[in-house]
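# Coordinates in review
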Amino acid sequence: MTMAPVEYLLVGFPDNEFNGRLAPALADLVERNTVRVLDLVFVSKDDNGDIATFEFDQLDELRAFAGVGGDSRGMINEEDLEHAAEALEPGSSAALLIWEDLWAAGFAEALHDCNAVLLEGGRIPHDLVEAALGELAESG
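Reference entry: report on the structure contained in this document. (Residues numbered from 1 in each chain as written. Predicted model: local features only at pLDDT ≥ 70, side-chain atom pairs only at ≥ 80, totals over all residues. Heavy atoms only, no water.)

## Some thoughts on the overall build of the protein chain
Secondary structure summary: the protein chain contains four helices and four strands in total. Listed N to C, the secondary structure of the protein chain is β-α-β-β-α-β-α-α in terms of helices and strands. Of all 140 residues assigned to the protein chain, the portion counted as buried reaches 29%. Within the protein chain, counting contacts between residues at least 6 apart in sequence, those at least 24 apart form 77% of the total. Total accessible area on the protein chain is roughly 9,500 Å²; 53% of this is exposed by carbon and sulfur atoms. (Helix = DSSP H or I, 4+ residues; strand = E, 2+ residues; numbered from the N terminus. Buried < 20%, exposed > 50% of the residue type's maximum accessible area, 1.4 Å probe, protein only. Contact = heavy atoms within 4.5 Å. Areas by Shrake-Rupley, 256 points an atom, 1.4 Å probe, with all protein chains shown as cover.)

Quick look at the structure:
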């Protein structure tokens, strides 16, 4: 079977404000077979700029993520973590997540069966989509 598309997401938490709503929302996606978590690592930068990384089972605050799985833990490498750390302001943290888009598995298999080649792909930021739709509504 062809693997579905795989994405990564780096989500920042300015001032380390992490309310815990992310774990249940991600667990819901996993339970509904929408995504399969391949790896999840948390990165923090203290006020001095020192970097630390944590798996969900290393800190009590992250235990809620135990239910999201992570079939291929170890996919995120040092280079990925360095990239994530560069994006952080001192006194903030981030979650680096790699998942398989199970919802697109049939489409991925059809592309494979057609010998299609992915030429480009990307994610359009939510605020840009909202702005474009707002402009269309105003002009329409």
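## Focus: a nonpolar patch on the surface
On the surface, I124, L128, V129, L133 and L136 cluster together into a nonpolar patch covering about 500 Å² of accessible area. Take V129: it is sitting in helix 4 (residues 126-139). (Patch = residues over 30% accessible without salt bridge, like charges linked within 9 Å, V, L, I, M, F, W, Y side chains within 5 Å. Salt bridge = Lys/Arg side-chain N within 4 Å of Asp/Glu carboxyl O.)

## Side note on the side chain of S92
Secondary-structure assignment places S92 in strand 4 (residues 92-101). A polar contact of 2.4 Å, which involves the side chain of S92, links it to the backbone oxygen of E89. Other than its neighbours up to four places away in sequence, S92 contacts F13, P14, D15, N16, V43, S44 and K45. (Polar contact = N/O pair within 3.5 Å; in protein donor to acceptor, adjacent residues only side chain to side chain.)

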